[in-house]
Structure formats: structure tokens, C-alpha cells
Amino acid sequence: MVQGRIVLACASLLICRIVTATVSRTNEGPDSWNTLARQELEASLKVQLNTGVARNVILFVGDGMGPNTVTATRIYKAQEGGKLAFEDFPHVGLLK
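Residues numbered from 1 in each chain as written. Predicted model: local features only at pLDDT ≥ 70, side-chain atom pairs only at ≥ 80, totals over all residues. Heavy atoms only, no water.

- Under an unreviewed UniProt entry, the chain has the name alkaline phosphatase and belongs to Timema podura.

## A short note on the environment of Trp-33
Here comes step 1: Assignment of secondary structure puts Trp-33 in helix H2 (residues 30-45).
Here comes step 2: Spatially, the C-alpha atom of Trp-33 lies 9.8 Å from that of Gly-81, the residues being 48 residues apart in sequence. (Helix = DSSP H or I, 4+ residues; strand = E, 2+ residues; numbered from the N terminus.)

## Concerning the confidence of the model for the chain
Here comes step 1: For the chain, mean pLDDT is 74; residues scoring 70 or higher make up 71% of the total.
Here comes step 2: Here residues 7-14 is modelled with pLDDT under 50, and outside its nearest four sequence neighbours on either side it reaches zero contacts, counting other chains as well.
Here comes step 3: Every residue in residues 18-24 is under pLDDT 50, and counting partners more than four places away or in other chains gives zero contacts. (pLDDT = per-residue confidence, 0-100. Contact = heavy atoms within 4.5 Å.)

## Details of helix H3 (residues 67-78)
Side chains that are three or four residues apart share a direction in an α-helix, a result of its 3.6 residues per turn.
Here comes step 1: Compared with the 16 Å implied by 1.5 Å per residue over 12 residues, the 16 Å span of H3 between its first and last C-alpha is a close match.
Here comes step 2: Immediately downstream of H3, the backbone of Gln-79 shows phi near 65°, a positive value. (Expected span 1.5 Å × (residues − 1).)

## Focus on the pattern of salt bridges
Here comes step 1: The full count for this structure, using the stated rule, is two salt bridges.
Here comes step 2: Arg-74 serves as the salt-bridge partner of Glu-87, at 2.6 Å between the closest nitrogen and oxygen. Remark: Arg-74 occurs in helix H3 and Glu-87 occurs in the segment after H3; sequence separation between them is 13 residues.
Here comes step 3: Of the charged contacts, one joins Asp-88 and Lys-83 as a salt bridge, the two residues approaching to 3.3 Å between their closest N and O atoms.
Here comes step 4: Look at Asp-88 and you get exposed, because its relative accessible area is 52%. (Salt bridge = Lys/Arg side-chain N within 4 Å of Asp/Glu carboxyl O. Buried < 20%, exposed > 50% of the residue type's maximum accessible area, 1.4 Å probe, protein only.)

## Some details on a nonpolar patch on the surface
Here comes step 1: Where nonpolar side chains cluster on the molecular surface, the patch consists of Ile-58, Phe-60, Phe-89 and Val-92 and spans about 480 Å² of accessible area.
Here comes step 2: Looking at the element boundaries, Phe-89 is found in the segment after H3.
Here comes step 3: Residue Phe-89 is classed as partly exposed on the basis of its relative accessible area of 37%. (Patch = residues over 30% accessible without salt bridge, like charges linked within 9 Å, V, L, I, M, F, W, Y side chains within 5 Å. Areas by Shrake-Rupley, 256 points an atom, 1.4 Å probe, with all protein chains shown as cover.)

## What to know about the packing of aromatic side chains
Here comes step 1: Throughout the structure, instances matching the rule amount to one aromatic pair.
Here comes step 2: Centre to centre, the rings of Phe-60 and Phe-89 are 5.6 Å apart; their planes meet at 35°, and the pair counts as tilted. Here the residue Phe-60 occupies a position in the loop between H2 and H3, and Phe-89 occupies one in the segment after H3, the gap between them amounting to 29 residues.
Here comes step 3: Relative accessible area serves as the criterion here: at 63%, Phe-60 is assigned to the exposed category. (Phe/Tyr/Trp six-rings, centres within 6.5 Å; stacked < 30°, edge-to-face > 60°.)

Here you go:
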């Protein structure tokens with residue numbers, strides 16, 4: 001009896017999440033994506049370069065974090081509209 005209620009609660013939560021995600025995506029059009037891209041580009045262009053000399057350097061190496069893996073992680077963690085913490089770093093490099 002308790003297991004049935006747990007399964008029902010999980011199914012209800014999943015359905016609510018799917019409906020919410022579907023509704024939020026239907027309100028977005030090409031203009032909203034273009035506006036978001038323009039805002040991100042303008043913010044990136046306003047970043048001031050640090051001309052100071054570094055005493056210490058922290059290097060993050062994400063082995064196996066190609067564009068496909070990062071995109072899948074972003075969608076899993078923060079949905080399509082979100083960002084991962086390291087995506088806001090001022091400088092990021094990709095090597096294949």
C-alpha cells in the first residue's frame with residue numbers, strides 16, 4: 001500500500017515537471033533566443049582584461065568534457081535555459 005502511494009507520488013511529480021517544462025518552452029520564440037544571445041554577447045564584450053601579474057594559477061582540467069557532454073550535463077542539471085558554474089568563467093579553452 002505504501003509502495004503504491006510512493007509510485008503514484010513520483011509519477012505525479014514527473015508529470016508536473018514535464019508539463020511545466022513544456023509550457024515554458026512553448027512561450028519561447030526565436031526572438032527570445034536572439035535576445036538572450038545578444039545579451040550574452042554584450043556582457044562578454046564588456047569584460048575587462050586583467051593585466052596584472054599572477055602569483056598563482058589554478059588550472060581546471062575537465063577530461064572528457066566535450067561539447068556534447070557539457071550540453072547533456074547542463075540540460076540534466078539546469079534545464080535548457082540554465083548555465084553550469086564554469087560556463088561563467090571569463091576565459092575557457094577547448095582542445096580536441
